[in-house]
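Fold and geometry: a report
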Amino acid sequence: MHNIMVLNAKGGCGKTTISTTLACYFAGQGYKTALMDYDPQNSSHHWLEMRQPTQPEIRSIDAARSRTGITRTWQLHTGVETEVVIMDTPAGVTGGQLVDLFNKADTILIPVMPNVIDLNAVEGFIVELMRFAKNRLHGKRIAMVINRVRFKTASYQKIEELAERMGIPLIGSLRDTQNYAIAMESGLGICEMKQSICAKDKKQWQPIINWLHEAIPGKESVNSSAYSEMNGWQPEAKSIAIS
Ligand SMILES: Nc1ncnc2c1ncn2[C@@H]1O[C@H](COP(=O)(O)OP(=O)(O)OP(=O)(O)O)[C@@H](O)[C@H]1O
Ligand SMILES: [Mg+2]
């Protein structure tokens, strides 16, 4: 099982958008997928509730509040067959909570928007994260994604510089588009929307997907369902490590 956590203390940078998109992608590729929502706002969970039974199944796990009558371990149990867990996290994560979340992840994706406010916030967040992560990476992978890009502004370049300085790969940039709002409002992911509308976005996801597949073996049995016809978004075979 591989745990992908989407993490940044800054609010509104795209954590839920990226989490739901990834959950759709992996479920659509035939992975047993769970979406674990650590945010008390429960945005990922609400999005999941809008999905139709005909869409690839994504298991919902509410990690934000403790349920009475069951242990925390059982509450967070994803099921033995789960292959990929996407973890959506809340804004404002710091200190002990950050350490706790860090320990649960195999891969951490940090979305950041290219504006001066988010740039300043993410720098502090990454410094805190890397201070803790030092000597504790144990094979964990951390990467940044620039989200809601309109133009390559000075902030965009500063994010590139920050990533280089911190030694964190910058694996993709996603444009600012209504498509993500439409997807969020309809229980869909970009990969499930019409190619004519989302071709650009699917292309932008490709390097992110390829990077993730360096640690998550590809499925041989993809592309057999009607879902794949809508999908048209496959990882590049050459970058998938099939074990
Ligand atoms: N690439 C994008 N283009 C356009 N809109 C986007 C994009 N990414 C996210 N959004 C929109 O930005 C808003 C915030 O995104 P999202 O909820 O994913 O952020 P978040 O980091 O999860 O926020 P929070 O910290 O409150 O949980 C949403 O309305 C979402 O639809
Ligand atoms: Mg969110």
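Being a predicted model, the structure only gives us computed values, none of them experimental. Here, residues in each chain are numbered from 1, in the same order as that chain's written sequence. Each chain is given a letter, starting from A, and each ligand a number, starting from 1, according to the order in which they appear as written. Thresholds applied to this predicted model are a pLDDT of at least 70 for local features of residues and 80 or more for the giving and counting of side-chain atom pairs; totals over whole chains, interfaces and linings are not thresholded and use all residues.

1. Some words on the packing of helix H4 (residues 95-104) against helix H5 (residues 116-133)
Under the convention used in this document: Axis definition: a line fit to C-alpha positions, over the contact stretch in the case of helices; interaxial angles, taken between N-to-C directions, run 0 to 180 degrees. For helices the rule is a DSSP run of H or I covering at least 4 residues; for strands it is a run of E covering at least 2, with both sets numbered from the N terminus onward. Geometric relationships in this document are graded by angle, where less than 35 degrees denotes roughly parallel, more than 145 denotes roughly antiparallel, 65 to 115 denotes roughly perpendicular, and other angles denote oblique. By convention the crossing between two helices is left-handed if the near helix lies anticlockwise of the far one by an angle smaller than a right angle, and right-handed if it lies clockwise. Once C-beta atoms are placed from the backbone, any two residues with those atoms within 7 Å are in contact. Three residue categories are used. Nonpolar comprises Ala, Val, Leu, Ile, Met, Phe, Trp, Tyr, Cys and Pro, charged comprises Asp, Glu, Lys and Arg, and polar comprises the others, including Gly.
Relative orientation of the contacting elements H4 and H5 amounts to 60 degrees, with a least axis distance of 11 Å. By the angle class used here, H4 and H5 are oblique. Here H4 and H5 pass one another in a crossing that is right-handed. Facing Leu98, Val99 and Phe102 of H4, the residues of H5 in contact are Glu128, Leu129, Phe132 and Ala133. Considered class by class, the residues forming the contact of H4 with H5 number six nonpolar, no polar and one charged.

2. Considerations on the site of ligand 1
Counted only if it meets this: Near residues are defined by distance alone, with the backbone-placed C-beta atom required to lie within 6 Å of the molecule or strand.
As a matter of local geometry, ligand 1 sits amid 19 residues, with Gly11, Lys15, Thr16, Thr17 and Ala91 nearest to it. Elements with a contribution of two residues or more to the shell around ligand 1: helix H1 (15-28), strand S6 (141-149) and helix H7 (178-186). Residues belonging to the shell around ligand 1 are distributed by class as follows: seven nonpolar, eight polar and four charged.

3. Here's the deal with the packing of H5 against helix H6 (residues 154-166)
Their axes nearest at 10 Å, the elements H5 and H6 cross at an angle of 10 degrees. Relative to H6, the element H5 is oriented roughly parallel. Here Val116, Leu119, Glu123, Ile126 and Met130 of H5 lie close against H6, whose contacting residues are Ser155, Lys158, Ile159, Leu162 and Met166. Grouping the amino acids of the contact of H5 with H6 by side-chain chemistry returns seven nonpolar, one polar and two charged.

4. A word on H6
What counts, and what does not: One less than the residue count of a helix, multiplied by 1.5 Å, gives the span that helix is expected to have.
Over its 13 residues, H6 extends 18 Å from the first C-alpha to the last, a length consistent with the 18 Å expected when each residue adds 1.5 Å. Looking one or two residues past H6, glycine 167 carries a phi angle of roughly 70 degrees, positive in sign.

5. So, the sheet that holds strand S3 (residues 58-62)
In plain terms, the rule: Here, strands pair whenever DSSP counts at least two bridges between them.
Within the open sheet, the seven strands sit side by side as S3-S2-S4-S1-S5-S6-S7. Their pairing is parallel. The open sheet is flanked by S3 and strand S7 (170-175), the only strands paired with a single partner. Sheet twist, expressed as the average angle between the axes of neighbouring strands with direction ignored, equals 20 degrees. Where S6 meets S7, four bridges bridge the pair, whose relative direction is parallel.

6. Observations regarding the pairing of strand S2 (residues 33-37)
A regular strand places its side chains on the two faces of the sheet in alternate fashion. Note the threshold: With C-beta atoms placed from the backbone, a residue is buried if 20 or more other C-beta atoms are within 10 Å of its own, exposed if 12 or fewer are, and partly exposed between those counts. Note on handedness: a crossover is taken as right-handed if, strands pointing away from the viewer, the path from the first strand over the helix to the second is clockwise.
The element S2 is extensively covered by neighbouring structure, given that five of its five residues are classed as buried. Alternating positions in S2 separate into two faces, Thr33, Leu35 and Asp37 on one and Ala34 and Met36 on the other, with burial throughout. Bridge count for S2 against S3 is five bridges, and the pairing is parallel. Within S3, the position partnered with threonine 33 by the bridge is isoleucine 58. For the crossover from S2 across helix H2 (residues 43-49) to S3, the handedness is right-handed. Pairing analysis gives five bridges linking S2 to strand S4 (residues 84-88), with the strands arranged parallel.

7. Concerning the nonpolar core
Basically, it comes down to this: A set of buried Ala, Val, Leu, Ile, Met, Phe, Trp, Tyr and Cys residues, joined through C-beta atoms within 7 Å, is what we mean by a nonpolar core.
By size, the foremost hydrophobic cluster in this structure holds 55 residues, and its most contacted members are Ile4, Ala23, Met36, Ile86, Met87, Ile110 and Val112. By residue number, the principal contributor to this core is H1, which donates seven residues. Apart from the residues lying within four places of it in its own chain, the contact partners of methionine 36 are Ile61, Ala63, Val85, Ile86 and Met87.

8. A few points about the confidence of the model for the protein
We apply this condition: Confidence of the predictor at the level of single residues is captured by pLDDT, which takes values from 0 to 100.
Averaged over the protein, the pLDDT score is 87; the fraction of residues at 70 or greater is 86%. In the model of the protein, helix H9 (residues 226-231) stands out as the element of lowest mean pLDDT, 42, in contrast to strand S5 (residues 107-112), which has the highest, 98. Predicted confidence for residues 223-232 stays below pLDDT 50, and this span has nine contacts to residues more than four positions away or in other chains.

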